[in-house]
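Per-entry structural report
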Amino acid sequence: MGEKEKNRSLRGLPSVDAVLREPALEQEAALHSPALVAGAARDVLAALRSEILSFEGAAPGAVSMEGIVARVKEEVATLVSTGAVRVVNASGTVLHTNIGRAVLAKEAIDAVLLAASGNTDLEFDLSTGERGERDARVEALLKRLTGAEAACVVNNNAAAVLITLNTLAEGREVVVSRGELIEIGGSFRLPEIIVKSGCLLKEVGTTNRTHERDYESATGPQTALLFKAHTSNYRVVGFTTSVGLGRLAEIAAANGLPVVEDLGSGSLANLFPGRDGEPTVAQSLANGASVVTFSGDKLLGGPQAGLICGKKELVDRIRKNPLKRALRADKMTLAALEATLRLYLNMDTVTSRVPALRYLTRPLDEVEEAARKACALMKKAFGDGFTVEVVDSKAVAGAGALPGRSIPSKAVAVSHASAGPDKLFAAFLSNRPAILGRVHDGRFLIDMRAIDDPADVVPADLGSRLAGE
Ligand SMILES: *Cc1c(COP(=O)(O)O)cnc(C)c1O
């Protein structure tokens, strides 16, 4: 398109005022806010201007007022109506990071409501009328549950690692095995966090084998601490050697250094004892870790948070780091965390009361029963062309917890005479609430391990949803 035509198109655009005088937009303004609609009109006209200027092909048709009004309305609708959409987790990944990991226990939800709907004694001591300690209640619970001397809380485990390293090792070396230089989804890369903490990374060993002598010879005047990272989302198998936490703690102690362990998930309950289980926080501390860090919303089953447990002298230093103020958890998180931790005071009931633990440990026949019910409901609800059947499935903990371990599960396999598994996947997602299944081996599966109510996985009008694709 030539300069002339472009100029003609630009001149043809209406003014903001003219657009706002359109009856449909006057209605919008009365419904929402005049300023909102005016802002949207300005944005749409600016976008049209730059579209015309950058247009390379044939001249675009004249921009109609109708088209502009429709775009402004769309812009307004996006802003006023877009909220988070509920997602039913039938993916078989119990702690799915992209949909918000752990579902909170009822007690935690109640605590969030209380904290959100008024003021609380968040960091105010009601017995003295003076300022209190923000993490005090969570700390008391964590000490009881893990045997730690002290504990504090930040926003997530990445922040916990950052502040721990910055406090204990700024300007000095952090010794880590090359087999543990992890990357977790969502761009948590341990080597980068170490550098951002102001520390120097001292890699030792090789990808598959790291020996005691590697740590011993790397330790010198520049060393601040020995670091162990839980290899959350992968396993090194085959010809491998690593140094266990106990031995690492001995090497550290002989050199007067602390050992920090990033546990990732940091289970508080011994869910799956044995080779495939996650080490518990208490075990890690008992095995000699000076400080451990872990997430609040992985196997713990609480809100997003980073928990730091360990020796009092070290945790006190972490607490005093100015970064603590920058990374502190908010009142709703603390309320949910505290309520979740309180459920762990009774280990007999915690697996039934914390949803993440319930989903991970519920017996297979209970999952199968839910799958049968969902299957029956689907048979009733879906029209011709659909086939549904209960099949074996494999669930995983997710979020880097219990790597390599799959949990037997049951799923409803849904198929359709003419729509493939990807179409079904999309059609279930287009339901409200969205239903997140998974495609596996060419089949569309609705995994029932993390589903409480079978009715939740039955979309409305699936037939017409598919037809509308
Ligand atoms: C998940 C994980 C992290 C990051 O924790 P967030 O709470 O997501 O910030 C760090 N280290 C390990 C080993 C992990 O598994």
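For the structure itself, consult the block above.
How each quantity is defined
Residues numbered from 1 in each chain as written. Predicted model: local features only at pLDDT ≥ 70, side-chain atom pairs only at ≥ 80, totals over all residues. Heavy atoms only, no water. Phe/Tyr/Trp six-rings, centres within 6.5 Å; stacked < 30°, edge-to-face > 60°. Buried < 20%, exposed > 50% of the residue type's maximum accessible area, 1.4 Å probe, protein only. Near = heavy atom within 4 Å. Polar contact = N/O pair within 3.5 Å; in protein donor to acceptor, adjacent residues only side chain to side chain. Areas by Shrake-Rupley, 256 points an atom, 1.4 Å probe, with all protein chains shown as cover. Helix = DSSP H or I, 4+ residues; strand = E, 2+ residues; numbered from the N terminus. Nonpolar A, V, L, I, M, F, W, Y, C, P; charged D, E, K, R; others polar. Pairing = 2+ DSSP bridges. Axes fitted to C-alpha atoms, helices over the stretch in contact; angles between N-to-C directions. Contact = heavy atoms within 4.5 Å.

1. Describing the packing of aromatic side chains
Applying the stated criterion across every chain yields a total of four aromatic pairs. When the centroid spacing of 5.0 Å and the interplanar angle of 45 degrees are considered together, the rings of F382 and F386 count as tilted. Comparing F382 with F386, the two get one shared label, buried. Ring centres 6.3 Å apart and planes at 90 degrees place the aromatic pair F382 and F428 in the edge-to-face group.

2. Points about the site of the ligand
As a matter of local geometry, the ligand sits amid 13 residues, with A158, S232, D262, S295 and K298 nearest to it. For the ligand, an oxygen atom lies 3.0 Å from a polar atom in the backbone of N157. Taking S295, its side chain carries an N or O atom lying 2.6 Å from an oxygen atom of the ligand. Calculation on the ligand without its partners gives an accessible area of 380 Å², and the protein chains cover 94% of this total. Listed by contribution, the elements that provide at least two residues to the shell around the ligand are α8 (157–169) and β10 (259–264). Of the residues in the shell around the ligand, the class split is four nonpolar, six polar and three charged.

3. With respect to the sheet that holds strand β12 (residues 306–310)
One open sheet holds the seven strands; their spatial order is β4-β12-β11-β10-β9-β5-β8, and the pairing between them is mixed. The sheet terminates laterally at β4 (150–154) and β8 (200–204), the two strands that pair on one side only. The mean inter-strand angle of the sheet, taken between neighbouring strand axes irrespective of direction, is 25 degrees. One ladder, built from five bridges, connects strand β5 (residues 173–177) with β8; its direction is parallel. Note that in β8 the partner of E173 across the bridge is L200. Together, β4, β11 (291–295) and β12 form the strand contacts of helix α7 (residues 136–146), whose direction differs from that of β4 by roughly 125 degrees.

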